[in-house]
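Okay, here's what each chain looks like letter by letter:
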Amino acid sequence: MDHFITLLLLGFSTAIINNYVLHFFVGVCPFIGVSRRVDMAFGMGLAVTFVIVVAAIFTWLFTYFILRPGAPLPQWVWHQIDPASTAVVDVSMLSYLVYIFVIASSVQLVEMYVRKFFPPLYKSFGVFLPLITTNCAILFACLEIMKRVSGVPEAEMWGIDHSIVLGLGAGIGFTIAIVIMAGLREELEVADIPKAFQGPAIALIVAGILALAFMGFTGVDSGLKKLLYATTPDPTPEMAAEVQP
């Protein structure tokens with residue numbers, strides 16, 4: 001039960017409180033570029049969610065088994081080369097290269113699927129669909145996972161379930177933010193906006209106001225945590241530990 005609560009709080013906090021777009025300001029390029037219509041924004045949100053979840057899974061696998069210091073695979077390879085060596089093999093310098101390769105591969109899968117089954121949506125995305133590869137929100141999620149798998153004590157290390165929940169929460173948060181932004185921009189098209197603020201200017205202003213609105217969710221995770229603990233019999237000390245999304 002305590003593990004489920006931890007995952008629930010992690011997902012909620014990542015999606016709403018620490019929303020990648022509106023809190024950390026990553027992934028702003030597609031957030032602004034593909035938020036002119038709600039249907040297109042929703043499609044982009046689903047695509048980004050899929051890519052983040054896939055990237056999160058492979059990030060954990062690669063980091064745990066290959067990239068972290070003392071990972072099993074490089075240690076085994078080095079032991080075959082030098083059986084007498086007790087050195088700790090560290091190939092973490094390859095992390096960025098591996099993560100970008102994983103993200104690019106995931107985006108390629110999404111692009112082929114959308115192009116085959118949803119041609120109008122593919123055309124509406126334009127250049128922004130392949131640009132998911134350079135969406136810093138996805139790389140940000142990969143680096144968050146790396147921080148909690150590489151170079152941390154075994155007891156504090158994230159499992160693959162934490163990584164999946166983080167990726168899912170980040171994707172849902174991105175989808176919520178971009179769909180709300182698209183709805184606001186559709187309303188702005190019929191609004192009387194001063195000429196100096198038309199175009200990207202009013203979009204950035206609205207995005208800033210939306211980020212301020214999401215700040216109102218600060219502390220909700222603490223209240224949710226107390227509520228969940230109150231309904232859990234005999235909570236353990238681990239359950240009372242702070243969740244760091």
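I will try to describe carefully the structure that is included in this document. Owing to the predicted nature of the structure, the values given are computational and were not obtained by experimental measurement.

Cut-offs applied
- Residues numbered from 1 in each chain as written.
- Predicted model: local features only at pLDDT ≥ 70, side-chain atom pairs only at ≥ 80, totals over all residues.
- Heavy atoms only, no water.
- Helix = DSSP H or I, 4+ residues; strand = E, 2+ residues; numbered from the N terminus.
- Buried < 20%, exposed > 50% of the residue type's maximum accessible area, 1.4 Å probe, protein only.
- Phe/Tyr/Trp six-rings, centres within 6.5 Å; stacked < 30°, edge-to-face > 60°.
- Lys NZ or Arg CZ within 6 Å of the ring centre and 35° of its normal.
- 1 Å grid on protein atoms, 1.4 Å probe; cavity = no way out; pocket = protein on both sides within 12 Å on 5 of 7 lines; lining within 4 Å.
- Points joined across faces, edges and corners; volume = space filled by probe spheres on them.
- Nonpolar A, V, L, I, M, F, W, Y, C, P; charged D, E, K, R; others polar.
- Axes fitted to C-alpha atoms, helices over the stretch in contact; angles between N-to-C directions.
- Left-handed = near helix turned anticlockwise from the far one by under 90°.
- Contact = heavy atoms within 4.5 Å.
- Polar contact = N/O pair within 3.5 Å; in protein donor to acceptor, adjacent residues only side chain to side chain.
- Patch = residues over 30% accessible without salt bridge, like charges linked within 9 Å, V, L, I, M, F, W, Y side chains within 5 Å.
- Areas by Shrake-Rupley, 256 points an atom, 1.4 Å probe, with all protein chains shown as cover.
- Salt bridge = Lys/Arg side-chain N within 4 Å of Asp/Glu carboxyl O.

**Describing the overall build of the chain**
Move 1: In terms of helices and strands, the chain carries 10 helices and zero strands.
Move 2: Mapped in sequence order, the helices and strands of the chain form the string α-α-α-α-α-α-α-α-α-α.
Move 3: Along the three orthogonal principal directions, the C-alpha set of the chain runs to about 75 × 45 × 35 Å.
Move 4: When burial is assessed residue by residue, the chain has 42% of its 245 residues classed as buried.

**Regarding the packing of aromatic side chains**
Move 1: Per the stated rule, a full pass over the model turns up 10 aromatic pairs.
Move 2: Feature note: the residues Tyr-20, Phe-24 and Phe-140 constitute an aromatic cluster, connected by ring pairs.
Move 3: The cationic tip of Arg-68 hangs over the ring face of Tyr-64; the distance from NZ or CZ to the ring centre is 4.3 Å.
Move 4: Between the NZ or CZ atom of Lys-116 and the centre of the ring of Phe-117, over which it lies, the distance is 5.8 Å.

**Concerning the layout of surface pockets**
Move 1: Space inside the second largest pocket adds up to approximately 190 Å³.
Move 2: Considering the residues around the second largest pocket, the lining is formed by Gly-43, Leu-46, Ala-47, Phe-50, Leu-109, Val-110, Tyr-113, Val-114, Phe-118 and Leu-121.
Move 3: Mapped by element, the contributors of at least two residues to the lining of the second largest pocket are helix H3 (38–67) and helix H5 (95–117).
Move 4: Here the residues of the lining of the second largest pocket are counted per class, giving nine nonpolar, one polar and no charged.

**A look at the packing of H3 against H5**
Move 1: Two numbers describe how H3 lies on H5: the axes approach to 9 Å, and their chain directions differ by 145°. For the pair H3 and H5, the crossing hand works out as right-handed. Contacts from Ala-47, Phe-50, Val-51, Val-54, Ala-55, Phe-58, Thr-59, Phe-62, Thr-63 and Leu-67 in H3 reach Ser-95, Val-98, Tyr-99, Val-102, Ile-103, Ser-106, Val-107 and Val-110 in H5.
Move 2: Class assignment of the residues belonging to the contact of H3 with H5 gives a composition of 14 nonpolar, four polar and no charged.

**Brief notes about the side chain of Thr-175**
Move 1: Relative to the helices and strands, Thr-175 is located in helix H8 (residues 160–188).
Move 2: A polar atom in the side chain of Thr-175 sits 2.9 Å from the backbone oxygen of Gly-171.
Move 3: Setting aside its immediate chain neighbours within four residues, Thr-175 contacts Phe-42, Gly-45, Leu-46 and Thr-49.

**Brief notes about a nonpolar patch on the surface**
Move 1: A contiguous nonpolar patch, built from Phe-58, Leu-61, Phe-65, Ile-160 and Ile-164 and spanning about 370 Å² of accessible area, is present on the exposed surface.
Move 2: If you list the elements that add at least two residues to the nonpolar patch, you get H3 and H8.
Move 3: Here the nonpolar patch gets three residues from one element, more than from any other, and that element is H3.
Move 4: Residue placement: Ile-160 occurs in helix H8.

Worth remembering: the numbers are spatial, not functional.
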